[in-house]
Structures are given as C-alpha cells and as structure tokens.
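Residues per chain, in single letters:
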Amino acid sequence: MAPPSKRQRENTAIEIKGGRVSDAPSPQLLELINQRFAEQAELISSSIRSAEERILCQLNDRIGEMAGDVEQLSLRVQQLEVQLGAIPSLQAKLDDLQAKLQLKEEAGTAVEMESKLMAKEEAKLAAQSTESIAADLRMHGVPFSESENLRTIYNALCFSLNLTPPPKIKDIYRVKPRGSTGSTVDPVIIIKLDNVREKITILKQIGAYRREHKQQLSLQLIGFDTHVPFYVNEQLTKAHYEIFKAATKLKKQKLLTAVFIRRSLVHVREVGSDNIFCISDMNELSTLQNNNALHQQNVTATEELEQSFRN
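Residues numbered from 1 in each chain as written. Predicted model: local features only at pLDDT ≥ 70, side-chain atom pairs only at ≥ 80, totals over all residues. Heavy atoms only, no water.

A.B. asks: Run through the overall build of the protein, naming residues and quoting values.
C.D. replies: Broken down by element type, the protein carries 6 helices and 7 strands. Looking at the protein as a whole, 20% of its 311 residues qualify as buried. Within the protein, contacts between residues at least 6 apart in sequence are counted, and of these 55% link residues at least 24 apart. Summing over all exposed atoms, the protein offers an accessible surface of approximately 23,000 Å²; the carbon and sulfur share of this is 56%. (Helix = DSSP H or I, 4+ residues; strand = E, 2+ residues; numbered from the N terminus. Buried < 20%, exposed > 50% of the residue type's maximum accessible area, 1.4 Å probe, protein only. Contact = heavy atoms within 4.5 Å. Areas by Shrake-Rupley, 256 points an atom, 1.4 Å probe, with all protein chains shown as cover.)

So, in structure tokens, the structure goes:
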C-alpha cells in the first residue's frame, strides 16, 4: 500500500484542528489490517500443513512398522497352528513309547522273576545233589583189577582203621572216567554209606591214623604189596569239585591258609585270620580271593616299609 500523499496528510490535520475526528477506520488502515491478517493466516496455514505432513510421515512410518509386526505375528500364529496340529501325533508317539517302555519293564520284571526262580531251583537241585551224596566217600589211587572185590577192599580199610565191624554201606562201585577208554588212571571208587554219621566216623579214624603214623594211607593196608599212598575223601558234586580244585590252587599261591571238605561242601580259611568260609559257588571264591590278594599286598608293603626303617 502506498503512503498517504501530502494533501491527504493536510486534510487530516485540518480535521484534527477543527476539533472533529472520524470514528470509521480509513480504507488504508483496513487494507493494512486485512493484509496483516492474510499474512498471519497464510503463516498459520503453512505451519498446519507442515505439521500435517510431518505427522502423516511419522504415521506412515509407524504403520509400516506395525505392518511388519503384524506380518511376523501372522507367521508366528501359522507356526503355532502347525505345532498345535502336530501335538496329537506327538501325543500318539509318546503314548506308544510309554506303552513300549511299560512292556519292557514288565518283560524285565518277568525275566528277573524267572531268573530268581531259576536260581532258586538251581539252589534246590544243588542242595538235593549235595544231600544225595552227603554220606558218600571216594577212594582214588586204588589199582583196578578185573577180579577185584570192592567190599573186601572196604572191609580191609575199616579193619586197618580199627573199625570193626565195618560201618554199613548201601553200595560200592567204581566210576569209569568219561571218554577215557584207554586211560591209565584207575577209576575212582565210590562208597555209599548208610548215613552221614558213619562217614564222619571213618574220616575221623583216617585223621587219627595220619597223626599217629605221620603218613598217608598206603595200599598195603588194603591188601596190596606196595606202600604207595591212596586217598579217601568226601564225595563232591561236579560244581563243588571245581570249587575245590580252584581253592586248592589258591592255597598253593598262599592266598588261602587251608582248604578242606566238610559235609560234602568246600570250606576255606582266609589269610591272616581264623575265619572259615563255606564256599557255595565260584563267585564267592573270587570275592574271597580278591580280598585276600589285597590283604597280602598290604602285608607285603608293611613288611617292606619295616625293613626299610630297620636298614
């Protein structure tokens, strides 16, 4: 807007000097006010548009982020749906595994019960076998003859042991070794006595004879013309005979102090004590062997240590 002219300023001054001022704003002032208002409105409108654009941009960014989150959530939901769909099949597999495990446990229990039953039956049979030979003696080292009379040999043995009349016997016979038709070993003689008491009586007399004469029984006592020894021992089952041989070997290795038979069972005395054990199977003998071997090692180490101190 152009500034007022000189004439306009003069007219305005005359009006003021005349004592009367116009109440209505001049057109110029109105135009100025309108111009300023338009400028402010444009500024405000520009600010609003800028704020709208900024907010819209931020909103678009946020919507994009939310769209990504929604997509990931959708994928996760799909995965969960797949996993949930697999639950019935997993449950079926789990049920199948549990059923198989139960069958195995039941089978294991059955096997364990069967094993215990078999062990019990074996122990029962072993006890019956031992009981059946509890009154038996075995003689080995007696030469075989086609014309021999085993009862005469038995009576001669009893007479030499001052057992008259001889203890009653149920039977006496030789046991032919299996698969040894050409063997040079004389078959063992089995003496089946009437009861265990008679067997113990004969064994006691044999022990007394050995202590008195300081020697083993000789064939001369039963009618042979030789002083070669022969032996009379308690009869053993096959299993107990294997235990006896193994225990005798341990005694030679000085892992046992003594090995002897009592009531057709193998008994041993451990090293370093007076404890006597009845051995019923090879496992018991192995355990005792390990314990005695450890004891022997400790004794040897102690002796070596004492020797080193003395030196």
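Having seen the model, we can carry on.
A.B. asks: Give a detailed account of the pattern of salt bridges, specifying residues and quantitative values.
C.D. replies: This structure, assessed with the given rule, holds 8 salt bridges. With its nearest N and O atoms 2.6 Å apart, the salt bridge here joins Glu148 to Arg174. Of this pair, Glu148 sits in the loop between strand E1 (136–140) and helix H3 (150–160) while Arg174 sits in strand E2 (residues 169–175), placing them 26 residues apart in sequence. Relative accessible area serves as the criterion here: at 22%, Glu148 is assigned to the partly exposed category. Judged by relative accessible area, Arg174 falls into the buried class, the value being 16%. (Salt bridge = Lys/Arg side-chain N within 4 Å of Asp/Glu carboxyl O.)

A.B. asks: Outline H3, supporting the account with residue identities and numerical values.
C.D. replies: Turning to H3, its buried residues number three or more, namely Leu150, Ile153, Tyr154, Leu157, Cys158 and Ser160. Along the long axis of H3, the arc covered by the buried residues comes to 165 degrees, so they all point the same way. Check the buried side of H3 and you find it contacts E1, E2, strand E3 (188–193), helix H4 (196–213) and strand E4 (231–234). Between a side-chain oxygen at the N-terminus of H3 and the backbone nitrogen of Arg151 the separation is 3.1 Å; the capping residue is Asn149. Positive backbone phi, approximately 60 degrees, marks Asn162, located one or two places after H3. (Arc of directions from axis to C-beta. Polar contact = N/O pair within 3.5 Å; in protein donor to acceptor, adjacent residues only side chain to side chain.)

A.B. asks: Account for the nonpolar core, naming residues and giving values.
C.D. replies: In terms of nonpolar packing, the biggest core is built from 24 residues, with Met139, Ile191 and Phe230 touching the most fellow members. At 5 residues, H3 tops the list of elements feeding residues into this core. If we ignore the near neighbours within four places in the chain, the residues touching Phe230 are Met139, His140, Gly141, Val142, Leu157, Leu217, Ser218, Leu219 and Ile222. Counting 13 residues, the second-largest nonpolar core is a separate cluster that includes Leu250, Val268, Ile279 and Leu285. (Core = buried A, V, L, I, M, F, W, Y, C linked by side-chain atoms within 4.5 Å.)

A.B. asks: Before we move on, can you summarise unusual backbone geometry with the specific residues and values?
C.D. replies: The step from Thr164 to Pro165 runs through a cis peptide bond, and the omega angle for that step is -5 degrees. Relative to the elements of secondary structure, Pro165 occurs in the loop between H3 and E2. Although it is not a glycine, Asn162 sits at a positive phi angle of roughly 60 degrees. Tracing the sequence through the fold places Asn162 in the loop between H3 and E2. Backbone geometry at Lys254 places phi at a positive 65 degrees, although glycine is not the residue there. Relative to the elements of secondary structure, Lys254 occurs in the loop between helix H5 (238–252) and strand E5 (256–262).

A.B. asks: I'd like to hear about the packing of aromatic side chains, residue by residue, with values.
C.D. replies: Evaluation of the coordinates by the stated rule reveals 0 aromatic pairs. The ring of Tyr241 carries the charged tip of Arg138 above its face, separated from the ring centre by 5.5 Å. (Phe/Tyr/Trp six-rings, centres within 6.5 Å; stacked < 30°, edge-to-face > 60°. Lys NZ or Arg CZ within 6 Å of the ring centre and 35° of its normal.)

A.B. asks: Could you give me a rundown of the sheet that holds E1, with the residues and numbers involved?
C.D. replies: In spatial order, the strands read E2-E3-E1-E4; together these 4 strands make up an open sheet with antiparallel pairing. In this open sheet, the two strands that pair with only one neighbour each are E2 and E4. The average undirected angle you get between the axes of adjacent strands in this sheet is 20 degrees. Bridge count between E1 and E3: 4 bridges; the pairing is antiparallel. Across the sheet, Leu137 pairs through a bridge with Ile191, a residue of E3. Packed on one face of the sheet, H3 meets E1, E2, E3 and E4 and runs near 115 degrees to E2. Relative to E4, H4 is tilted by about 140 degrees, and along the sheet it contacts E1, E3 and E4. (Pairing = 2+ DSSP bridges. Axes fitted to C-alpha atoms, helices over the stretch in contact; angles between N-to-C directions.)

A.B. asks: Account for the confidence of the model for the protein, naming residues and giving values.
C.D. replies: Looking at the protein, pLDDT values average 80 and 79% of them are 70 or higher. Confidence, expressed as mean pLDDT per element, reaches its minimum in the protein at helix H1 (residues 6–17) with 52 and its maximum at H3 with 95. (pLDDT = per-residue confidence, 0-100.)

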